[in-house]
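Overview (structure and organization)
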Amino acid sequence: MKKREGVSGRFWGFFTSLKLTIFLLFILAVTSISGTLIMQRANPQQYVKAYGEGGYRIIKTLGLYDVYHSWWFLLLLALLVLNIVICSIERFPRSWRFVKEPLRWPDRNLLEEMTPRERFSVSLSLEETLEKIQSLLRGRGYRCERKVEEGRGRIFAQKGVINRLGVYVTHLSVLIILIGGLIGGIWGFSGGMTIVEGESSRNVTIFGSHKVVTLPFDVRCDSFQVDYYPGTMTPKEYKSVITILENGKPVVTRDVRVNHPLKYKGINFYQASYGTISNRVGTLTLEVIPQDGKDKPFRVRVKVGSQVPLKDGYTLKLVAFFPDLVLGRDNQPMNRSQELRNPAALLEVDKGGKYRYRSWVFAFFPEVHSVKNAPFKFHYISFKGLQYTGLQVSKDPGVWVVWTGCTFILVGLVICFFISHRRVWVLVEEKGKKNQVLVVGNVNRNHAAFSQHFEELINDIKEALGVSQ
Amino acid sequence: MQAAALHGTLDTKLIAVVIFVYLLATVLYFCYIPFRNKGLGRLATGVTLIGWIMETASMVIRTVISYKMGWGHAPFTNLYESMVFFSWSIVIIYLLIEWRYKNKTIGAFVMPFAFISLAYTTIGPGIRTQIEPLVPALQSNWLIAHVITCFLGYAAFAVSCGVSIMYLIKAKAQEKGKDIAFLPDLRVLDDLNYKAVVIGFPLLTLGIITGAAWANYAWGSYWSWDPKETWSLITWFIYAAFLHARFTRGWRGKKTAILSIIGFAAVLFTYLGVNLLISGLHSYA
């Protein structure tokens, strides 16, 4: 490698150093660990709670709340990119020469110095000797060239020359993947939208910020459903029926399930979450058991916040419904989740428009909280709330660039690791009545395997030429 | 419940036997080292192969049972199944390397990994051996491609780690002026270390890519810096450094052996540590 002078030369020299590569790979490995130990993209209060004020200040200064997008992490990546580019520029011409202008006819002296090599003599003619050796090499996948001069003939055979380029394919692929990531980062977005059954929306809330992206069309959730494996609580399928509306007109209706996203106009919709809105909307079905001993139990359906008549002038009002009741601070009833895990209803019984009493009804504890001497007992039967689906919405125009890079990196690695550049030179010279044959081999990697290969090759050549071993 | 009734299915009983078969194979490989008796070496390989066939049968049976239960999935879906597959991968990669490079001594340092991985399924905390239905996120053909490539890669790195331990033991002894003659030549060990990494690295790369493709299908993002993803990348960086150091800086022997051991530690952390210590998307295995 040439020595370069001056500032630009030193800059260039710094980036052609493989020491830098190894250093950067290690530093990237070590610093990446921090982001798996410290929670990422949490809010300041969470950091203060976990690490204290001082800890939070350090995290904030060093950008440890979002390691992989911090300036120093991006700088390390940029240095790696520069390192790859400059190393490739520096080394490519040498590798390209193997492809473009291979060393076909080296000096005899040079051949004599190379290993492995083999020398023997044959009684066949020059033409015949060359022909037999060449067809044998061809049979083993070598590409051959032949040259006959006065009194001597040569063969140059090689295979796997592409190995010289494998390293550039691999490194270029890394750059392509990073470019794909960059494209996604600049022109893509990723967010979420929640849509209640029967409603539609076009607003996507971007993750990690409060920004909202407005889609150029409406997304309607026709229904949402969870299926369970029979006899278990293990969910089998989450399914939203989604309709895309352009100017209010439905254009596409499809099931969106986990691992089965919907793609429309370059925007992908993924099934991400779901829930039930039970406290403000929904219908409760109750069994009413009159306590006067005469009347039979009957069922009523009542919506949250509304009233239904019972009998004898009594009315029932559903004051509040809790799909998953727990007692919060100061024994205030609250929901732990939006799922029907511990349904409870607060009922009010009135007569002639006048308040009589309130009573709780629990789905799982039918005998608890019944008011004594009350005219009615209530049993929970079912509740149908409105479900909503949570869709992850993303647009990533860089994703195909990334997949292209991924494909090429695999191709590049295979070329690098499992192909070697093998060259064989044959020199046949007339010497008296016999012909002297010199066979020389060369490989750029995996020498042990090649020497075995070369040995077999020589044996086969000798056999074909009728030379005693 | 069905799942509870099937506790201790035929496949898990088979695995219980395979644990002892692998232990026996480990012992036989260790015995082979000092004596270099051909018959003993063949026996060790034979026992390993029998264990591996039984393990394969166990996985097939488990798949069949899962289909009979109406769930129908390949046995790659929880920690237990992944550890069985991990040991399966180690053994097949090891057998291939033994066959290709005609060296039986490294078995003594590689088979323990297969044995420990299986034995851990019986003593590890919170390891459920029941066949379970697949949650929606795991219902993907990418699962199979992802698990197979990752674990074959991990297995190759396990081999490189085993070989590197042998290297360091032998090199240490030589420094003290002694030689452990029954261990293979340092040059051979160094070469095997490199060859195992060269098998593992493209597999790890493919494993990361299939995982990214799957994540893109399931969650709409091919990379989200989830701890498991990040640790797989850390592992990738370490082995990338190994390859650059060896190819272009000419690092050999002790330095690359140590790098291999660090790399395998990162593999184990990616596989187990992340799940045990850090929570994330990858909570199943």
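Remember, it's a predicted structure, so these values are computed and weren't measured experimentally.

Time to look at the sheet that holds strand β11 (residues 283–290) of chain A. All names here are of chain A. The strand order β12-β11-β19 describes an open sheet built from three strands, whose pairing is antiparallel. Two strands close off the open sheet at either side, each with one partner strand: β12 (298–303) and β19 (376–384). Neighbour-to-neighbour, the strand axes of the sheet open up by a mean angle of 30°, direction not taken into account. Relative to β12, β11 runs antiparallel, the two sharing six bridges. The partner of Thr283 across the bridge, within β12, is Lys303.

Another aspect to go through is the domain arrangement of chain B. Residues and elements named next belong to chain B. In terms of domain boundaries, chain B breaks down into domain 1 (1–125) and domain 2 (143–285). On a C-alpha basis, the centres of domain 1 and domain 2 stand 20 Å from each other. By the criterion of area lost to domain 2, the three top residues of domain 1 are Phe76, Phe86 and Phe109, representing 24% of everything that side buries. Our count for the domain 1 to domain 2 interface comes out at zero salt bridges. Summed over the shared surface of domain 1 and domain 2, the number is two residue pairs in polar contact (both at pLDDT 80 or more). Going through the elements one at a time, α2 (10–35), α4 (79–101) and α5 (107–123) are the ones with two or more residues in the side of domain 1 that touches domain 2. When its residues are assigned to classes, the side of domain 1 that touches domain 2 shows 18 nonpolar, six polar and one charged.

As a further point, take the side chain of Ser82 of chain B. Turning to its location among the elements, Ser82 of chain B is positioned in helix α4. Here the side chain of Ser82 of chain B touches Leu79 of chain B through a polar contact of 2.9 Å, landing on its backbone oxygen.

Moving on to the environment of Ile381 of chain A. All names here are of chain A. You can see Ile381 is positioned in strand β19. Sequence separation between Ile381 and Leu286 is 95 residues; the distance between their C-alpha atoms is 5.2 Å. When near neighbours in sequence (up to four residues on either side) are disregarded, Ile381 contacts Thr285, Leu286, Glu287 and Arg299.

Criteria and cut-off values
Residues numbered from 1 in each chain as written. Chains lettered and ligands numbered in written order. Predicted model: local features only at pLDDT ≥ 70, side-chain atom pairs only at ≥ 80, totals over all residues. Heavy atoms only, no water. Pairing = 2+ DSSP bridges. Helix = DSSP H or I, 4+ residues; strand = E, 2+ residues; numbered from the N terminus. Axes fitted to C-alpha atoms, helices over the stretch in contact; angles between N-to-C directions. Domains from an automatic or database assignment. Buried area = accessible area lost by both parts, 1.4 Å probe. Salt bridge = Lys/Arg side-chain N within 4 Å of Asp/Glu carboxyl O. Polar contact = N/O pair within 3.5 Å; in protein donor to acceptor, adjacent residues only side chain to side chain. Nonpolar A, V, L, I, M, F, W, Y, C, P; charged D, E, K, R; others polar. Contact = heavy atoms within 4.5 Å.

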